[in-house]
Amino acid sequence: MNTATKTLITRGIVKLIKQPQTPLMGFAMSLFFLLVYNAGIGGIGDLDVFGKGQYFAFIFPITIISLSMGSSAGAGQALNADLQSGYFRRLYLSPVSRWVLVMAPMLADTISSILFTGILLGIGAIFGLPFQFGILSVFGILLLSMLWSVTLCGFSAGIMLRTGQYQNAAIITNAVFPLLFLSTTFLPRELIKAKWLLTVSWGNPVTYILEANRYLLGGTASVNYFYISLAVLVTTSILSVVYAQISARKIKVWI
Amino acid sequence: MTFEIQVKNLTKKYPNGIKALNGVDLQIKKGHLFALLGPNGAGKSTLVRILTTLIHKDSGSFSIGGISPEHNFSQMQKYIGVALQDNELDPNETVVSLLRFQGQLFGMTNKQAQARAERLIDLFKLNTEQNKKAGKLSGGNKRRLHCALALVHKPKVLFLDEPTVGMDPQARHMFWDVITDLNTNEKVTILLTTQYLEEADKYASEMAMIIDGNIQYTGDIAKFKDMMHPNKNTSLEESYLTYLNTLTNIENN
């Protein structure tokens, strides 16, 4: 990584530290979900299907998923701020590749997302969150979180670059939001009675991410979910980065 | 003859159908301060934006310092410095941090970038403003910072698109001191577009007149003035107006 690339990524991170509203909102939203869901329906955790971590470990993955969703618009908004001020042109005229100009805020956002996931896991550990495979579970969750974050950041940045409207950076969050409820978010498959929901949940990528996290935490899901989740997220991350890069070429039209 | 900027048959048509450039040919000698003149919408900014790689050409070719952007984009960006009409500043960063960051973007170490930032702050007399955020600067100081940013990496060719708009006379004077020093002592080639013709008259040696995307005249400013008003010591502005009036009369007839 050359000096210019490091400089751009550092700038993205410093900007997030100086203006932390977006990642902090994501973090606050995640803690809110954890608190409300656990307080509201945590009592059902006595059922055997929730395993040793009880409902807390079962519901915890949704906080990790919603964390990335809450902050994924950051990359698009950072790009938009530079485009609106005209500063993007100044960056564009530097010897840094176009690829890096778009990747830097995405990477900064992803690093922020990993950091906050780590903090969430720390908070979880304090409240007795089990880690089925110890430190390996932590690394596994951070890896899934990173790929999920890259997926959301890339699509968010790409949409923003194509439309030039910062409001559109949040479209991807809004699009993914319903997927949280069309999955095994609140109850395990065994307790879901609606057949249509069960069917939809099979085709919902969020299901595999949730279950993969549950495998790593309370051990209440099969290892296959982890592999499927990894495959899905690697694919979506690549697609997302490619989409952002293709979108970056469109900037010239309206620069 | 060494040409620092070579443009061959450059064309550009915008999606709305406007033909901004109709086969522009231009050659600018190394170390010259060259003025690109023409009325609003004539194609000056389009030409500058193509030469600085901000927008794509439709056809034709160009090279700067022998470098073609298609072949070595990164080297080209290091070779040129650009100050466009709009202030391209991050409003939330201070003067010194923007200059330092610009240096780092061009591969300088922290120490080198800091030293270069301090030098340019001195040169453009931004000392009292160096810790102010760019968004809080006056219009004139924004322009100065904007031009300072274009010089951070010591470019060999400098593009100045309406550089002194919004500057007070004192700031303009100071600005031109810096630019003429670069041009004279460091042999930096400068392509200037401006509507302040007295500035072009005073500081540039050669010019091109572009109208409706066509280069109508290219050569010495002194010869252009002599062509318009033989044996009279007229200003560039008078000659320029005479030229445009003549064209209008020809079109009307």
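Above this note sits the structure.
Residues numbered from 1 in each chain as written. Chains lettered and ligands numbered in written order. Predicted model: local features only at pLDDT ≥ 70, side-chain atom pairs only at ≥ 80, totals over all residues. Heavy atoms only, no water.

### So, the overall build of chain A
Secondary structure assignment for chain A yields 12 helices and zero strands. Secondary structure of chain A in N-to-C order comes out as α-α-α-α-α-α-α-α-α-α-α-α. At 19 Å, chain A has a C-alpha radius of gyration in line with the 18 Å of a compact globule built from 255 residues. With the C-alpha coordinates of chain A rotated into their principal frame, the extents come out at 60 × 35 × 30 Å. When burial is assessed residue by residue, chain A has 56% of its 255 residues classed as buried. As presented, chain A carries roughly 10,800 Å² of accessible surface, and 71% of it is formed by carbon and sulfur atoms. Within chain A, the 6 negative side-chain charges are centred at a point lying 22 Å from the centre of the 16 positive side-chain charges. (Helix = DSSP H or I, 4+ residues; strand = E, 2+ residues; numbered from the N terminus. Rg over C-alpha atoms; globule rule 2.2 N^0.38 Å. Buried < 20%, exposed > 50% of the residue type's maximum accessible area, 1.4 Å probe, protein only. Areas by Shrake-Rupley, 256 points an atom, 1.4 Å probe, with all protein chains shown as cover. Lys, Arg positive; Asp, Glu negative; His and termini not counted. Charge placed at Lys NZ, Arg CZ, Asp CG, Glu CD.)

### Quick look at the layout of surface pockets
A probe as big as a water molecule, rolled over the atoms, marks out the empty space that is left. Residues and elements named next belong to chain A. Of the pockets and cavities examined, the largest pocket occupies roughly 530 Å³. Lining the largest pocket are 28 residues, with K15, G74, Q77, A78 and A81 positioned closest to its centre. For the lining of the largest pocket, the secondary structure elements donating two or more residues are α1 (3-18), α2 (21-41), α4 (73-85), α5 (87-92) and α6 (98-126). Here the lining of the largest pocket takes nine residues from α4, the largest share from any one element. (1 Å grid on protein atoms, 1.4 Å probe; cavity = no way out; pocket = protein on both sides within 12 Å on 5 of 7 lines; lining within 4 Å. Points joined across faces, edges and corners; volume = space filled by probe spheres on them.)

### Concerning the sheet that holds strand β3 (residues 33-37) of chain B
All names here are of chain B. A sheet is described by the order of its strands in space; here six strands give the open sequence β5-β6-β7-β3-β8-β9, paired in mixed fashion. The strands lining the two open edges of the sheet, one partner per strand, are β5 (80-83) and β9 (214-220). Taken over all neighbouring pairs, the strand axes of this sheet differ in orientation by 15 degrees on average, direction set aside. As defined by bridge partners, strand β8 (residues 206-211) adjoins β9 across six bridges and the pair is classed as antiparallel. (Pairing = 2+ DSSP bridges. Axes fitted to C-alpha atoms, helices over the stretch in contact; angles between N-to-C directions.)

### Considerations on a nonpolar patch on the surface
Together, A:F133, A:I135, A:L136 and A:F139 make up a nonpolar patch on the protein surface, roughly 430 Å² of accessible area in all. Relative to the helices and strands, A:F133 is located in the loop between α6 and α7 (135-163). (Patch = residues over 30% accessible without salt bridge, like charges linked within 9 Å, V, L, I, M, F, W, Y side chains within 5 Å. Salt bridge = Lys/Arg side-chain N within 4 Å of Asp/Glu carboxyl O.)

### A closer look at the packing of helix α8 (residues 221-228) of chain B against helix α9 (residues 236-252) of chain B
Residues and elements named next belong to chain B. One way to put it is that α8 packs onto α9 with a least axis distance of 9 Å and a crossing angle of 55 degrees. Judged by the angle between their axes, α8 and α9 are oblique. Helix-helix and strand crossings are classified by hand; for α8 and α9 the assignment is left-handed. Along the contact surface, α8 presents I221, F224, K225 and M228, while α9 presents L236, S239, Y240, T242 and Y243. Residues of the contact of α8 with α9, tallied by class, amount to six nonpolar, two polar and one charged. (Parallel < 35°, antiparallel > 145°, perpendicular 65-115°, else oblique. Left-handed = near helix turned anticlockwise from the far one by under 90°. Contact = heavy atoms within 4.5 Å. Nonpolar A, V, L, I, M, F, W, Y, C, P; charged D, E, K, R; others polar.)

### A short note on the side chain of B:R172
Considering the arrangement of structural elements, one finds B:R172 in helix α6 (residues 169-185). Ignoring any residue separated from it by four or fewer positions in sequence, one finds B:R172 in contact with B:T164, B:M167, B:Y196, B:E198 and B:E199.

### Some remarks on the pattern of salt bridges
Residue and element names in this part refer to chain B. Counted by the stated rule, this structure contains 13 salt bridges over all chains. Here E206 ties to K29 by a salt bridge, and the two come within 3.0 Å at their closest N and O atoms. Of this pair, E206 sits in strand β8 while K29 sits in strand β2 (residues 19-29), placing them 177 residues apart in sequence. On the basis of relative accessible area, E206 is assigned to the buried category, the value being 9%. Note that K225 and D201 form a salt bridge whose closest N and O atoms lie 2.8 Å from each other.

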